[in-house]
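The lines below spell out each chain.
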Amino acid sequence: MPIPITQIKLKRLRMKLNHPFTTSFGEMRDKDFFITEAIDTEERSGFGESVAFPAPWYTEETVETNAHVMKDFLIPLLHENTISHPHDVREIFSPIKRNNMAKAALEGAIWDLDAKRKNQTLAEVLGGHKSEIDAGISIGIQPTIDDLLQKVGDHIQQGYKRIKLKIKPGSDVKTLREVRKQFPDIPIMADANSAYTLQDLNRLKQLDEFNLMMIEQPLAHDDITDHAQLQALIQTPICLDESIHSAADARKAIDLGSCRVINVKIGRVGGLTEALAIHDLCRERGIDVWCGGMLEAGVGRAHNIALTTLPQFNLPGDTAGSSLYWERDIIQPEVIVHNGTITAPDKPGIGYEIDQEALEAYMIDEMVFDL
Ligand SMILES: O=C(O)CCC(=O)c1ccccc1C(=O)O
Ligand SMILES: [Mg+2]
């Protein structure tokens with residue numbers, strides 16, 4: 001039985017972040033992205049969210065390339081093909097190279113719609129069983145060390161299960177030493193967003209003294225071989241983020257010994273079907289996985305929560321409470337973190353209602369496509 005999709009809507013939203021988010025590649029003050037909607041013959045709606053940023057800092061995709069690729073290539077493919085199961089979308093999109101965030105944004109809406117048609121939660125159709133998931137937090141680079149210590153303390157107080165700090169050359173060893181002095185035992189990890197090269201080996205070796213859970217993406221965004229060399233020389237487990245775009249990439253990185261942990265982002269890997277393949281591979285190979293974040297609004301956050309209910313997501317991810325990011329999120333209820341955990345919703349699909357009033361208020365453009 002095909003999924004009878006009659007229409008796709010792309011709603012472009014602009015939302016202001018409560019706090020600017022700074023990484024080794026730059027500062028973000030607001031989010032500009034698409035909410036995708038897939039509508040069936042019974043006027044049920046499934047929702048997805050695009051995660052590319054306005055500039056190609058993190059990967060090559062941008063909000064504009066997402067719009068172009070969805071509109072001119074991916075939506076026409078949905079028009080020409082029959083979808084029996086959300087798994088089919090990966091194959092249907094395969095003639096289009098990369099553009100994973102554009103693919104994931106549409107695929108996500110179809111997964112949600114399918115789950116709603118089956119009256120099951122998105123977690124259930126993905127094969128996830130956890131009723132609660134552990135929440136971590138990613139703290140951007142702060143103006144001063146005192147600001148950072150304050151933030152770390154606040155989040156620990158709120159129960160977050162691990163703290164991720166952004167580092168870059170010059171804002172690393174000293175910063176981590178201060179944080180460790182004040183918080184000797186908390187689970188901490190560092191994310192470099194590709195700010196180092198093998199030339200920085202001595203500096204990276206120094207990080208071993210801080211007992212970090214892992215260091216995320218220390219070297220180039222497109223590298224797996226240098227990471228293998230580095231992993232052999234440092235004790236801190238390496239986690240790959242930017243380097244992994246598919247289950248095939250993950251297999252090669254694991255074979256080479258480039259990482260001991262993988263950060264799965266649904267957008268970066270091209271959708272939930274590919275994310276599931278990476279999950280299964282890591283489960284087989286004994287590699288820890290967790291779900292990364294892209295400063296998502298509620299719909300993307302809900303997708304991350306559903307994915308994280310799968311068993312191999314055995315470390316806290318970046319999915320934190322809505323209120324840390326947004327004055328008002330676009331879902332009802334918002335994502336709430338209680339004692340460091342998020343309760344997986346039990347309603348069908350993504351399990352949260354769209355707050356239509358909020359969505360309308362943030363919307364700056366809408367495109368509608370009949371299939
Ligand atoms: O809070 C979040 O959503 C995670 C934030 C985060 O670390 C991040 C945010 C923007 C771009 C890249 C990254 C990353 O994980 O590298
Ligand atoms: Mg990262």
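Treat the numbers as computed from the prediction; the structure is a model and nothing was measured.

**Comments concerning the UniProt feature "binding site: Mg(2+)" (unreviewed entry) in the protein**
Item 1. Mapped onto this structure's residue numbering, the UniProt feature "binding site: Mg(2+)" (unreviewed entry) falls at Asp191, Glu216 and Asp241. Look at the named residues: they lie 51 residues apart in sequence, but the longest C-alpha span between them is just 9.2 Å, so in the fold they bunch up. Lining the largest cavity, out of the annotated residues just given, are Asp191, Glu216 and Asp241.
Item 2. Inspection of the secondary structure puts glutamate 216 in strand S8 (residues 215–216).
Item 3. Using a relative accessible area of 0% as the deciding quantity, one classes glutamate 216 as buried.

**Topic: the coordination of the magnesium ion (ligand 2)**
Around a metal, the ideal angle is 109.5 degrees if four donors adopt a tetrahedral arrangement and 90 or 180 degrees if six donors adopt an octahedral arrangement.
Item 1. Coordination of the magnesium ion (ligand 2) by the protein involves Asp191 (OD), Glu216 (OE) and Asp241 (OD), with metal-donor separations of 2.1 to 2.3 Å.
Item 2. Positions of the donor residues of the magnesium ion (ligand 2) along the chain correspond to the pattern D-x24-E-x24-D. With a gap of 25 residues between them, aspartate 191 in strand S7 (residues 188–191) and glutamate 216 in strand S8 connect regions that are remote in the sequence. In this structure, aspartate 191 and glutamate 216 share a single accessibility class: buried.

**Notes on the pattern of salt bridges**
Item 1. What the rule picks out here adds up to 28 salt bridges.
Item 2. Glutamate 37 is paired through a salt bridge with lysine 11; the nearest N and O atoms lie 3.4 Å apart. Of this pair, glutamate 37 sits in strand S2 (residues 26–40) while lysine 11 sits in strand S1 (residues 5–23), and the two are 26 residues apart along the sequence. For the pair shown, glutamate 37 and lysine 11 are each scored as buried.
Item 3. In this structure, arginine 328 engages aspartate 355 in a salt bridge whose closest nitrogen and oxygen atoms are separated by 2.9 Å. Of this pair, arginine 328 sits in the loop between helix H11 (298–308) and strand S12 (331–332) while aspartate 355 sits in the loop between strand S14 (353–354) and helix H12 (356–362), and the two are 27 residues apart along the sequence.
Item 4. Classification of aspartate 355 as buried rests on a relative accessible area of 9%.

**A few points about the nonpolar core**
Item 1. Counting residues in each nonpolar core, the largest one holds 94 residues, and the members touching the most others are Leu165, Leu207, Ile262, Ile278, Leu307 and Ile330.
Item 2. The leading source of residues in this core is helix H10 (residues 272–285), at 6 residues.
Item 3. Here this core spans two domains, and each of domain 1 (5–119 + 354–370) and domain 2 (124–351) adds at least three residues to it.
Item 4. In this structure, leucine 165 is in contact with Ile139, Leu148, Val152, Leu176, Val179, Ile188, Met189, Ala190 and Asp191, ignoring residues within four places of it in sequence.
Item 5. Core analysis: the next-biggest nonpolar cluster, separate from the first, contains 27 residues, Ile3, Leu74, Ile83 and Ile96 among them.

**So, the environment of isoleucine 238**
Item 1. Tracing the backbone through its elements, the reader meets isoleucine 238 in strand S9 (residues 238–240).
Item 2. On the basis of relative accessible area, isoleucine 238 is assigned to the buried category, the value being 0%.
Item 3. Taking the C-alpha atoms as reference points, isoleucine 238 and aspartate 112, 126 residues apart in sequence, are found 33 Å from one another.
Item 4. Ignoring sequence-local partners within four residues, the contact set of isoleucine 238 consists of Ile215, Pro218, His227, Leu230, Gln231, Ser258, Cys259, Arg260 and Val261.

Procedures and definitions
Residues numbered from 1 in each chain as written. Chains lettered and ligands numbered in written order. Predicted model: local features only at pLDDT ≥ 70, side-chain atom pairs only at ≥ 80, totals over all residues. Heavy atoms only, no water. UniProt positions renumbered as here; feature names shortened; annotations may be inferred. 1 Å grid on protein atoms, 1.4 Å probe; cavity = no way out; pocket = protein on both sides within 12 Å on 5 of 7 lines; lining within 4 Å. Helix = DSSP H or I, 4+ residues; strand = E, 2+ residues; numbered from the N terminus. Buried < 20%, exposed > 50% of the residue type's maximum accessible area, 1.4 Å probe, protein only. Donors = N, O, S within 2.8 Å, 3.2 Å for Na, K, Ca; no water. Salt bridge = Lys/Arg side-chain N within 4 Å of Asp/Glu carboxyl O. Core = buried A, V, L, I, M, F, W, Y, C linked by side-chain atoms within 4.5 Å. Domains from an automatic or database assignment. Contact = heavy atoms within 4.5 Å.

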